[in-house]
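Given next are the chains, with one letter for each unit.
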Amino acid sequence: MNTTLEDRYRRLLAMYPAGHRRKHQDEMLGVLMTGAHAGQRRPGLADTANLVWGALLIRLRPARRGAAWPLWRDALAVVSLLLPLIVLAYFTLLNVALLRVGSPLFDALARSDAKTLGGWLIVAVLVLLRLRRSAAAAAAALLIWVAYLTSDALNWSYIDAPSMLALTASGLEVVALVASPGPARAMEIMNWKHYAFALAIPLGLAAVFNWVWLDHPAVSDTIMVTACGATLAGMLLASALSKRVATLLALPAYYLIVELVVPPSSIGGPYEFTSGWVGPLRITLTVLPFAVLLCVALVATLRSARHAEAGSREA
Amino acid sequence: MSQRPLQEPTFLILTALAAGAQHGYGIMTDVTNISGGRVKLRAGTLYAALDRLADERLIEVDREEIVDTRLRRYYRLTPPGVQRLAAEVERMRAHTAVAARRLDLLGGLA
């Protein structure tokens, strides 16, 4: 059998992911064959090593390979900018309601929230200054602080919706800042209407909580849950970017909704109001979103593997 | 603004494309020329870089041609790519200006 130089290059290019081969294989073969000297029958050692290295580089950044990745990256950038602003807007106004109640427990809750809000304020300022890395470091410190507060105050066994909301929000902020170009990119994408919409929702929710919840908690909770659900649903039906932003924000929003829907239960002790869920319900509600995420990741991995296999057969 | 400095091959690829749209082999030879033969890109490095730059929207496909039954894809700089290259040039210019002034000073003292 007479194996040509092109066949040998083609074998080397088989190391690349199927998606990359579909996009670049013919082009790369053209470049390699143009660069080959007359009479060359085998790929040179340097070219071989370089192709192996290139394939390794491409395979080490699989998350960027999908056509949808730029949109996800933009969505993460938008989340990195908006999340600190939303958290500050919502919880600052919310704490006004806690202070208005005037009970020592609610005062203590508001003061405890204020420390965490200080962390969010630092993240928000760094984000607005477009200092992505500093903001990511501050968000990571905030995540550690929130985890410490949760473990210290509630000993993990009483982990509740507010704790999970704080943990997932700070965790999401870290991921958004690390995995995206950050706030600078978000500021390119967003206009004043986006900012107005993003801030109107949490401020509206906090206002409802502030002025309706004291007298009519059930009405307040219903309005807030409906508004959260409607906003996320509306975003899911809008542009591809807002759909992805809504998907990312769905995790903390889930814990916010659960906090409102599942009433505090009486387990006694000083954490009566914050340890809303006990027993199997607590475990189920805590784990549910992560179980869903795991299933989605498994299905996506299987689909991607099947796709890659089909691509290899095609090539 | 906190942008990481460009790596040399990336800088040279963007510089090659600043002259106009080029195909893969054209970029390789241009990079060799620009660097005075010091940097020789190979296909694996080139296409890993082109893929990443396209992901970052600094470059995009200009057109495709078939020459001698081979596909040639031409790439060009995007407006953000032009800005990124300009920012890098400005950063390097500022550094080299300081270095030149200090070398002058050193020469003056010697």
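Here the structure is a predicted model, which is why all the values come from computation and not from measurement. Within each chain, residue numbers correspond to sequence positions counted from 1 in written order. Whichever chain is written first becomes A and whichever ligand is written first becomes 1, with later ones labelled in order. The predicted origin of the model limits local features to residues at a pLDDT of at least 70 and limits the giving and counting of side-chain atom pairs to 80 or more, whereas totals for whole chains, interfaces and linings rest on all residues.

1. Brief notes about the overall build of chain B
And step 1. Elements are defined by DSSP. Helices are runs of H or I of four residues or more, strands are runs of E of two residues or more, and each kind is numbered from the N terminus. From N to C terminus, chain B includes 4 helices and 3 strands.
And step 2. Going residue by residue from the N terminus, the α and β elements of chain B occur as α-β-α-α-β-β-α.
And step 3. Placing C-beta atoms from the backbone, we regard two residues as in contact once those atoms come within 7 Å. The contacts of chain B with a sequence gap of at least 6 include a subset with a gap of at least 24, amounting to 45%.

2. Topic: the nonpolar core
And step 1. Formed by 52 residues in total, the largest nonpolar core has its most connected members in V78, V79, L83, V123, A135 and A139 of chain A.
And step 2. Listing elements by their share of this core, those giving two or more residues are α4 (69-101), α5 (104-128), α6 (132-154), α7 (161-179), α9 (192-212), α10 (217-237) and α11 (240-261) of chain A.
And step 3. A per-element tally of this core places α4 of chain A first, with 13 residues.
And step 4. Ignoring anything within four residues of it in the chain, the contact list for V79 of chain A reads L172, A176, V245, L248 and L249 of chain A.
And step 5. Residues enter a nonpolar core if they are buried, belong to Ala, Val, Leu, Ile, Met, Phe, Trp, Tyr or Cys, and are joined to the set through C-beta atoms within 7 Å. Three exposure classes are used, all based on how many other C-beta atoms lie within 10 Å of a residue's own C-beta (placed from the backbone): buried at 20 or more, exposed at 12 or fewer, and partly exposed between those limits. If you look at the next biggest cluster of nonpolar residues, it comprises 33 residues, including I13, L41, Y47 and L77 of chain B.

3. Focus on the environment of N33 of chain B
Residues and elements named next belong to chain B.
And step 1. As for its position among the elements, N33 is in helix α2 (residues 24-34).
And step 2. We classify N33 as exposed; it has 11 C-beta atoms within 10 Å.
And step 3. Considering only alpha carbons, one finds N33 and A16, 17 residues apart in sequence, at a separation of 9.5 Å.

4. Regarding the packing of α9 of chain A against α10 of chain A
Residues and elements named next belong to chain A.
And step 1. Angles run from 0 to 180 degrees between N-to-C directions of axes, and those axes are lines fitted to C-alpha atoms, restricted for helices to the stretch in contact. Between α9 and α10, the shortest axis-to-axis distance is 9 Å and the interhelical angle comes to 170 degrees. If you check the angle between α9 and α10, you find them roughly antiparallel. Contacts between α9 and α10 involve I201, G204, L205, V208, F209 and V212 from the former and V219, S220, I223, M224, A227 and T231 from the latter.
And step 2. Polar here means any residue outside two lists: the nonpolar Ala, Val, Leu, Ile, Met, Phe, Trp, Tyr, Cys and Pro, and the charged Asp, Glu, Lys and Arg; Gly therefore counts as polar. A breakdown of the residues in the contact of α9 with α10 according to their chemical character gives 9 nonpolar, 3 polar and no charged. Angular relationships are summarised with four words: roughly parallel below 35 degrees, roughly antiparallel beyond 145, roughly perpendicular across 65 to 115, and oblique for the angles in between.

5. Some thoughts on the pairing of strand β3 (residues 70-77) of chain B
All names here are of chain B.
And step 1. When DSSP locates at least two bridges between a pair of strands, those strands are taken to pair. Summarising the sheet, strand β1 (residues 22-23) and β3 pair through 2 bridges and their orientation is antiparallel. Across the sheet, the residue bridging to H23 is Y74, located in β3.
And step 2. Inspection of the sheet shows strand β2 (residues 59-67) paired to β3 by 8 bridges, in the antiparallel sense. In the strand pairing of β3, V67 is matched with R70.
And step 3. Taking the residues that link successive antiparallel strands as the turn, the β2-β3 hairpin has 2 residues, and the phi of D68 there is positive, at about 50 degrees.

6. Quick look at the interface of chain B and chain A
And step 1. Across the boundary between the two partners, chain B contributes 18 residues, which contact 25 residues of chain A.
And step 2. Elements that contribute at least two residues to the side of chain B that touches chain A include exactly α2, α3 (43-55) and β3 of chain B.
And step 3. Its residues assigned to classes, the side of chain B that touches chain A shows 7 nonpolar, 4 polar and 7 charged.

7. Observations concerning the environment of M33 of chain A
And step 1. Tracing the backbone shows M33 of chain A in helix α2 (residues 18-35).
And step 2. Between the C-alpha atom of M33 of chain A and that of E6 of chain A, which follows or precedes it by 27 residues, the distance is 7.1 Å.

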